[in-house]
Structures are given as C-alpha cells and as structure tokens.
Amino acid sequence: TMAFSLRIALICGLFVFFVLHCAHGDLTYSVEEELKHGSVIGNIAKDLGLDFGRLAARKARVEMEGTDKQFITINQKNGDVVVVGRIDREELCGEKPTCVLKFDLLLENPLELQRLSLQVQDINDNSPVFQKEVMKLEIRESADKGARYRVTAAHDSDIGQNSVQSYVLKQNAHFVFDIQTSSSGRKYGELVLDKELDREDQNELRLLLTAVDGGSPPKSGTVVIHVTVLDANDNAPVFTESVYSARLPENSPINTPVVTVSATDADDGVNGEVTYEFSRLSDKAGKLFSIDQKSGVIFVTGDVDYEEGPRYEVMIEAKDGYGLTSEVKLIIDIIDVNDNAPLITLKSLSNPVPENAPPGTEVGIINVQDRDSEKNRQVRCSIQQNVPFKLVPSIKNYYSLVTTGQLDRELVSDYNITISATDEGSPPLSSSKTVQLSVADINDNPPVFEEQSYSAYVSENNKPGSTLCSVSARDPDWRQNGTVIYSLLPAEVNGASVSSYLSVNGDTGVIHAVRSFDYEQLRSFKVHVMARDNGSPPLSSNV
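Once a new chain begins, its residue numbering starts again from 1 and follows that chain's sequence as written. Local features in this predicted model are restricted to residues whose pLDDT is 70 or higher, and side-chain atom pairs enter the listing and the counts only when it is 80 or higher, whereas totals over whole chains, interfaces and linings include all residues. Values reported for side chains reflect all heavy atoms of the structure, with hydrogen atoms and water molecules removed beforehand.

A description of unusual backbone geometry should follow, citing residues and the corresponding values.
In this chain, N109 is followed by P110 through a cis amide linkage whose omega measures 5 degrees. Each helix corresponds to a stretch of at least 4 residues labelled H or I by DSSP, and each strand to a stretch of at least 2 residues labelled E; elements are numbered beginning at the N terminus. Looking at where P110 falls in the secondary structure, it is placed in the loop between β7 (100-107) and β8 (112-121). Look at the link from N351 to P352: it is a cis peptide, with omega at 5 degrees. With respect to the secondary-structure elements, P352 resides in the loop between β25 (343-349) and β26 (353-354). Phi is positive for R479, which is not a glycine, with a value near 50 degrees. Structurally, the position occupied by R479 is in the loop between β35 (473-474) and β36 (484-488). A simple rule labels every residue: compare its accessible area, found with a 1.4 Å probe on the protein chains alone, to the largest value its type can have, and call it buried under 20%, exposed over 50%, or partly exposed in between. Judged by its relative accessible area of 63%, R479 falls in the exposed class. In this model, N494 sits at a positive phi of 55 degrees, which is unusual for a non-glycine residue. Relative accessible area serves as the criterion here: at 57%, N494 is assigned to the exposed category.

Here it is in structure tokens:
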C-alpha cells in the first residue's frame, strides 16, 4: 500500500509604494511670429534642470488648453522646444498689445506639471489695407480753404510700430493731408482744402493716398480718393452715442438683430440723408455681422461661437449724401451658452497593471476640459461604483486614476472603467469615457493537489512500466505561471533511490512502476511528489 503526505508552501507578496510628486513653475520664451517649421526656441531640459535621459520615459509633452492645434512640441531625445505649427500673432491674438500662448508642460513618473508660455512678438508681415479700393467724396465748389474731410483710416493687422504710422498724399493742386491720432493711438487723417475748387474748371479729381506702416522695411497700401466737385454741405452726421455696446448670446440665429446705430445730420435734403457702413472690422467679424446701410441695424450673418471669440470691436461710419462722415466704435460682447459638454481625454495608461500593485498605485492620467466659461466650464468628475479604482484630483484639470484595493487576476482579469464628467451649466451637460484595463498575472498561487494523499495497490510480479496511479494539481495562475510540472522528491526505499522503484510523468502526473515488486521483500512504502509551476520564481507544493 502506498501512502502519501502533503506539504504546503506559503508565499508572501512584496509591496512597493510609489509617491506622486507635483512641481509648479513658469517657463517663458519670447518668439517672433511666423517662425519656420522645425525652428528651435528653447530647451526645457536645460531651462528647468530636467534629466535629458528621462524625457522619453517621462513622456514629456506640451498641450494647449481649448484647442487641438499643435504649435510646438518637445524633442524627447534632447529637450528642444520645436515649432511644428504656424504661429500667426494676428490670428491668435488680434489687436491685443501683448500675445501670450499658454501651454501645459506635462511629465509622468512622477506626474509633474509646469507652465510654459510663449510671448509672441509681432513682425511686419501685414500691409496697411483700406476698406475700399476707391473712396468717393463729393465737395461743393463753395467750400472754403481749410475745410476738412475725414478719410476712413487704413487697417494694418500688425500692432505697435508695425501698424499704420503715416499717410502720404500724392502732390496735387488742391489738397494736403493732415495726419491725426485718436485717443486709442490709431492714426487717421483728414483731407484739407488748400486751394478753392472751381467746378467749371475741373468737376472731379482723383487723389492717391498711401498708408505706410513703421516696419523695417515698411509696407504700404494705397487708395484712390475720387472727389466730385458739387455745388454745399456743411454738417457731418452725428451719432447718438459716443460708443455703442451690445450683448449677444452665442449660437444666435442668422439675421438676429444685434444693435441699431443712429446718426443725425442737421442739413436738409440729400445733405442730411445718412447711410451706414463698416469702416473697420476684422476678417472674422466680417463673416459674422452685416449692417443695413439705411437703418443702421447690425445683423448676425454667421455662426457666433463664444469659444471662437468672446468680444468684437468694429468701427462704423455714417456718411451724408455729399460725403461728410463721422465714425463710432461698436463693442459686441458674446454671452456664453452651455453648449460644450466636458471632454474627457486619456493622457496615459499603464496597461496591463500587475495584480500585486499596492492600493494607491497610479495606473492612468485623465484630463477633463470644457470650452465654455465660468460656471459652464466647472466640471465634476466621478467613476462608476464597484470597481477597485478612484479618481484623485491632481494638477489643474488633471486626475490620477489609482487603485483602491488589492487586485486579483484570478477573480477579475479585465475592467471596463466608466468615467463621467458633468459641468455646472444650466442645464448641465455631461459626457463619459470607458477605460479598458487588464490585470497582469503574477505568480502568486502555488499548485494545489486535488487530494491530501493518494493510495495505489499493485500485485507483486507486476510488469515494469505498468501504471500505478496518477496525481493532479491545479494552479489558477495564467500561462506559464499556471503550468504544472510533476517530479518525485529524492528519497530512499530499502536503501535504494526511489527513482529505481517509481517514475512520474512530468506533464500528466501519471506514476509508473520502474521494476517488478516482490511482496516478500517490500509490502508498502511512501513517496513524495512535488508539483511545481513555471513561474519566476517558481512556486511548488508536495503530496
């Protein structure tokens, strides 16, 4: 009779804890607009004291909130900040005196966020442009010497010294040009009658006016002023407000009236008939608004989106029947509507995660953004219940996805984690994202025999190689960690090695007789069989 005993090995897990470090700082580069693709503007490793060799491992990258456009990137091999997209100051910042692009510089392992700013300097890449190629002006021949006629200013998208600095009127017999500066610093001018007109001598004049900016080299633009000599218009239109303002909800339908501007002219008849037109507006505003020339009503003509532009400033000109004009500013503030749901972006994911990862292990980085403003962009994030994970607020609008309990691949091998984000708008908008995460197997289970002991009976004089019995052990681990190999533990039977009596098939656990047994010499004996898995290090148990 064979009798067997059981041994059990206990394995203790080793837990490693990771500490999240967050550092805050500011890094600013000053760059000219329109730099070529591939231009290097700085080096974050040198400027922030970062380890060159770990930039790739830490997934160093820059991101700009609220846009998918890429302007710069990080060369993870050497830390260079490289231009990869067009940086056009006029498109990005319009007429703001300063243009600053703000980026998040993100590094992982540990998670670290730095502020990176680009101060975009204007270059003289735009010429002055007049609203019309030909300006029409009607002046009575009775006009006195010194009479002044305002000319709609040229617009230059550049700022500062690169904007319009002077005007040059081609020499002629009747007019000179007097340059003026508005309270906002904008250059405009007036035609000044230097010699009286005589309709019978000349009933029209064509004057060439050139606007010149202050760039190096300077750029210029021209307009033809067509003067028709008539017989007296001595009052210019006067607006009812010094500055008009309006508030317009975004997504307003086409043809929605925005505001009405109004100017009066004290003259009678044609001299007092006032018409309206935009004298200066950006290309973007020109696609969104139009003005009724007779009524002065401004209408919506395009898709008004707060996120594309929260404010527009346009200049409106009132002109009477014979060409006297006045100008007024209109400020249109766009009201934000909660029309953007939060956007959840998975920035990083450690997948699969080892099942022996300790509670608190960071497995992913989530970024949540809402393009709306104020309360409409305030976002609450949550995670589904009954999963051993939670969201931990990190830096700014980043969250860390961390474990809250011990993972066990043998119980749950895959998780579909649903993350939800809801803004504070009225009504609130929400979105969700499912993160798929697998649990990697660790060799944390030794093989376990199905029986505590096994017995076998054999008749004497048996044939060598005959089957006596089989043993079986199960290992719930995965693949090689769960592959069981059987072997006999070294021992002696009647002074001889046990292997001279029995053998075990390493794959199946079937035990065979190596020799023919003699009842008179050996009536019973015990052997130990070991079941070992293929993990690293391997785990085993005996029976």
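Outline the state of the cysteines, supporting the account with residue identities and numerical values.
Throughout, disulfides are identified as pairs of cysteine sulfur atoms within 2.5 Å of each other. Under the counting rule described, the total for this entry stands at 1 disulfide. With its sulfur 2.0 Å from that of its partner, C93 forms a disulfide with C99. On the sign convention where negative means left-handed, the S-S torsion of about 65 degrees between C93 and C99 marks this disulfide as right-handed. For C99, a relative accessible area of 4% gives the class buried.

Can you break down the pairing of strand β42 (residues 529-533) residue by residue, with the values?
Looking along a regular strand, one sees side chains alternate from face to face of the sheet. With 4 of 5 residues buried, β42 is to be regarded as a mostly interior element. Two strands pair under a simple rule: DSSP has to find at least two bridges between them. Where β36 meets β42, 5 bridges bridge the pair, whose relative direction is antiparallel. Residue pairing in the sheet places S487 in a bridge with M530 of β42. Sheet topology places β42 next to strand β43 (residues 540-542); 3 bridges connect them, and they run antiparallel.

Residues and numbers for the domain arrangement of the protein chain, please.
An automatic or database domain assignment supplies the residue ranges for each domain. Looking at the assigned domains, one finds that the protein chain contains domain 1 (28-121), domain 2 (134-230), domain 3 (238-335), domain 4 (343-440) and domain 5 (448-542). Distance between the C-alpha centres of domain 1 and domain 2: 44 Å. Each side of the interface is counted separately: domain 1 has 7 residues, and domain 2 has 4 residues. Among the residues of domain 1 in contact with domain 2, R89, E90 and E95 are the three that bury the most area, contributing 81% of the side total. We define a salt bridge as a side-chain nitrogen of Lys or Arg found within 4 Å of a carboxyl oxygen belonging to Asp or Glu. The interface formed by domain 1 and domain 2 holds 0 salt bridges in total. Polar contact is defined as a pair of N or O atoms within 3.5 Å, subject to the rule that within protein one atom must be able to donate a hydrogen and the other to accept it, and that residues adjacent in sequence are counted only when both atoms are side-chain atoms. Counting across the interface, domain 1 meets domain 2 through 1 residue pair in polar contact (both at pLDDT 80 or more). Following the grouping adopted for this structure description, the nonpolar residues are Ala, Val, Leu, Ile, Met, Phe, Trp, Tyr, Cys and Pro, the charged ones are Asp, Glu, Lys and Arg, and the polar ones are all others, Gly among them. Broken down by class, the residue content of the side of domain 1 that touches domain 2 amounts to 1 nonpolar, 1 polar and 5 charged. Any pair of residues with heavy atoms lying within 4.5 Å of one another is described as a contacting pair. Once two parts are joined, some of their accessible surface, as seen by a 1.4 Å probe, is lost; buried area is that loss totalled over both.

Residues and numbers for the sheet that holds β25, please.
The sheet built from 4 strands is open, its strands ordered β25-β27-β30-β29 with antiparallel pairing. The sheet is open, and its two borders are formed by β25 and β29 (389-393), each paired with just one other strand. For this sheet, the mean inter-axis angle between neighbouring strands, taken without regard to orientation, is 30 degrees. The axes used here are C-alpha line fits, helices contributing only the stretch in contact, and every angle between their N-to-C directions lies in the interval 0 to 180 degrees.

Summarise the packing of aromatic side chains; cite the residues concerned and give the values.
Aromatic pairing here means that ring centres of Phe, Tyr or Trp (its six-membered ring) are within 6.5 Å. Orientation follows from the plane angle: under 30 degrees is stacked, over 60 is edge-to-face, and everything else is tilted. As enumerated under the stated definition, the model contains 11 aromatic pairs in all. Arranged with centres 5.4 Å apart and planes meeting at 50 degrees, the rings of Y167 and F177 form a pair that is tilted. Of this pair, Y167 sits in strand β11 (residues 164-169) while F177 sits in strand β12 (residues 175-181), placing them 10 residues apart in sequence. Here Y167 falls in the buried class, since its relative accessible area comes to 7%. A ring pair is formed by Y501 and F517, whose centres lie 6.3 Å apart and whose planes are at 5 degrees; its orientation type is stacked.

Tell me about the UniProt feature "domain: Cadherin" (unreviewed entry) in the protein chain, and name the residues and values.
UniProt positions are given in the numbering used here, feature names are shortened, and annotations may be inferred rather than shown by experiment. Cross-referencing UniProt, the feature "domain: Cadherin" (unreviewed entry) maps to residues 23-130, 131-239, 240-344, 345-449 and 450-541 in the present numbering. For residues 240-344, the helix share is 4%, the strand share is 46%, and the end-to-end C-alpha distance is 49 Å. Span residues 450-541 is 0% helix and 34% strand, its end C-alpha atoms 12 Å apart.

Hey, could you go over the sheet that holds β7 for me, with residue numbers and the actual values?
Here 4 strands make up an open sheet; going across it, the order is β2-β8-β7-β4 and the pairing mixed. The two strands at the open ends of the sheet, each matched to only one other strand, are β2 (26-32) and β4 (61-63). Each neighbouring strand pair of the sheet contributes to a mean axis angle of 30 degrees, computed without reference to strand direction. Sheet topology places β2 next to β8; 7 bridges connect them, and they run parallel. Across the sheet, the residue bridging to T28 is S117, located in β8.

Which residues make up the side chain of S400, and what values go with them?
Residue position: S400 is located in strand β30 (residues 398-403). At 2.6 Å, the side chain of S400 forms a polar contact with the side chain of E362.

Can you tell me about the environment of V212, naming the residues and giving the values?
By the secondary structure assignment, V212 is in strand β14 (residues 204-213). Taking the C-alpha atoms as reference, V212 lies 20 Å from G94; in sequence the two are 118 residues apart. Residue contacts for V212: discarding those within four places in its chain leaves P128, S163, V164, Q165, S166, P218, K219 and S220.

Could you give me a rundown of the side chain of S541, with the residues and numbers involved?
Looking at where S541 falls in the secondary structure, it is placed in strand β43. One polar contact links the side chain of S541 to the main-chain carbonyl oxygen of P447, over a distance of 2.5 Å.

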